[in-house]
Amino acid sequence: MSVREIPMVIDGQQVQSQSQEWRDVVNPATQEVVARVPFCTPEEVERAVASAKEAFKTWRKVPLGKRMRIMLKLQALIREHTDELAVLITEEHGKTLPDAVGEVGRGLEVVEHACSITSLQLGELAENAASDVDVYTMHQPLGVGAGITAFNFPIMLPCFMFPLAIATGNTFVLKPSEQDPSSTMRLVELAHEAGIPAGVLNVVHGGPDVANQIADHTDIKALSFIGSTHVGSLLYNRAAAAGKRMQSMMGAKNHCVIMPDANRSQAINNLLGSAYGAAGQRCMANSVVVLVGEAREWLEDIVEGTRSMKVGPGTQTDADLGPLVSPAAKERVERLITAGEKEGATLLVDGRGCQVEGYPDGNFVGPTLFSDVTAEMTIYREEIFGPVLCVVNVDTLDEAIAFINANPNGNGTSIFTNSGWVARRYETDIDVGQIGINVPIPVPVAYFSFTGSRASKLGDLGPNGKQAIAFWTQTKTVSARWFEPENVSSGINSTISLS
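### As for the packing of aromatic side chains
So, step 1. Taken as a whole and assessed by the stated rule, the structure comprises six aromatic pairs.
So, step 2. Taking the centre distance of 5.2 Å and the plane angle of 45° together, the rings of Y380 and F403 count as tilted. With Y380 in helix α14 (residues 378–381) and F403 in helix α15 (residues 397–405), this pair connects stretches of sequence that are 23 residues apart. For the residue pair Y380 and F403, the accessibility class agrees, reading buried in each case.
So, step 3. What links up through ring pairs into an aromatic cluster is the set F172, F471 and W472.

### Description of the packing of helix α2 (residues 64–80) against helix α4 (residues 97–114)
Think of two packed helices as two axes; the pair is described by the angle between the axes and how far apart they sit.
So, step 1. Contact geometry of α2 with α4 gives a least axis separation of 8 Å together with a crossing angle of 165°. Between α2 and α4, the angle falls in the class roughly antiparallel. In terms of crossing hand, the pair formed by α2 and α4 is left-handed. When α2 is examined against α4, the residues M71, L74, Q75, I78 and R79 are found in contact with a partner set consisting of V104, L108, V111, E112 and A114.

### Notes on the nonpolar core
The nonpolar side chains of soluble globular proteins are, as a tendency, buried together.
So, step 1. Core analysis: the biggest nonpolar cluster contains 63 residues, and L74, F160, I166 and F172 have the highest contact counts within it.
So, step 2. A per-element tally of this core places α4 first, with six residues.
So, step 3. The residues contacting F160, other than those within four sequence positions of it, are V110, I226, V443, F450, P463 and N464.

### Overview of helix α16 (residues 420–429)
So, step 1. When α16 is considered as a whole, its buried residues turn out to be V422, A423 and Y426. All buried residues of α16 fall inside an arc of 100° around its axis, so they share one side. Across from the buried face of α16, at angles greater than 90 degrees, the exposed residues are G420, W421, R424 and T428.
So, step 2. Next to the buried residues of α16 lie β13 (254–258), α15, β19 (412–416) and β20 (434–437).
So, step 3. Its side-chain oxygen at 3.4 Å from the backbone nitrogen of W421, S419 defines the N-terminal cap of α16.

What counts and what doesn't
- Residues numbered from 1 in each chain as written.
- Predicted model: local features only at pLDDT ≥ 70, side-chain atom pairs only at ≥ 80, totals over all residues.
- Heavy atoms only, no water.
- Phe/Tyr/Trp six-rings, centres within 6.5 Å; stacked < 30°, edge-to-face > 60°.
- Helix = DSSP H or I, 4+ residues; strand = E, 2+ residues; numbered from the N terminus.
- Buried < 20%, exposed > 50% of the residue type's maximum accessible area, 1.4 Å probe, protein only.
- Axes fitted to C-alpha atoms, helices over the stretch in contact; angles between N-to-C directions.
- Parallel < 35°, antiparallel > 145°, perpendicular 65-115°, else oblique.
- Left-handed = near helix turned anticlockwise from the far one by under 90°.
- Contact = heavy atoms within 4.5 Å.
- Core = buried A, V, L, I, M, F, W, Y, C linked by side-chain atoms within 4.5 Å.
- Arc of directions from axis to C-beta.
- Polar contact = N/O pair within 3.5 Å; in protein donor to acceptor, adjacent residues only side chain to side chain.

So this is what it looks like as structure tokens:
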């Protein structure tokens, strides 16, 4: 079978890179090479940025209504091609097909939100703010924007970036993950089919050198990043030094609190799906469960549920989770499981050495469960990004809140309870950006902003919702007074007064 070569997109055209450095894109269930992706040369990145800069001259002047109609067409095309996109995700990422379909749906939400751009990008006006002076604001595009995405959501994460950036009048350079780029490339094809003009949306590929070039480039005015804390922190500092606006959504250590009054089966099933779905490769996965008081007696049910989950290739209809994205990811997760054992955690379910019939080379790690986990252990301190769930026991809600607030990350958290008072107390006192109340993965709908906090986020404005509109635009404030044709000045006013 021939292996497809992933192109760049520059000035509306698919262009083959002249780079001498290429990376294999591998099906994580089989180790079959399904594509090759280039690490673009500096000259190719320059061409992409130059194309976006030139296109901005005309795209910024396109009426809001026309931009809206392009987004309406794009959302229709994504809906029509959902199954195709999901197959591409599963082939290169490994997540199950139902999970991949769900990812496309969450990305689609953002495009649907961008269809409201005619009302989202409105300014404000105060008539007669001073004598015959009107003051009003305009939210104008910045110029060339850029996005760098992680491997774990190759459709949703690009949708967190370019649709709203483009809808607000910017042009864009996207660098998708080199590990699973095919579904992203198909999404970009659909965007051009929807009517996005040449040069408005460009795509380059590569590793750290390309990311650094994007962060340093003076013609790029804003950069959105979603990925690891290490890379996100480095890029944030580089981009800030280059004078550009930056949002960096990074690592996490998410906690799920289960109160003894919660619906037992609902809480446990939702916990297991959150912790082990997508093989734990979600920045919003609940990788720590905090059992409060008598809820610790539910541990055996959690063990039983963990053991019942089925591992298989993403194309297997009854699989609960698929493989990790790469052999390196599998090795890291298994190494961390070993570290948990050595440091004294109790290993209740061991997912190492997981074998799936017919897929001997797959990067499979089974659902893994630890109890007696403490805050000092490596499996608690590090984001494992694999199907590993840590159990912590506390006596009270106060202890649970204090334990979670002591963690440096603040991406997401959930609580399962039937008490409105407990839920309100939790949402008030917990220092985490996104909270689920009887909701296991509290990624907000796209017309609300993604609001991770503390070490999980750098930059004041997150993706989606009102914050994204603010991030991708600059506000101009105009103070205007119009004189009658024959108006005679009453004299020089040397004060700051507008009267």
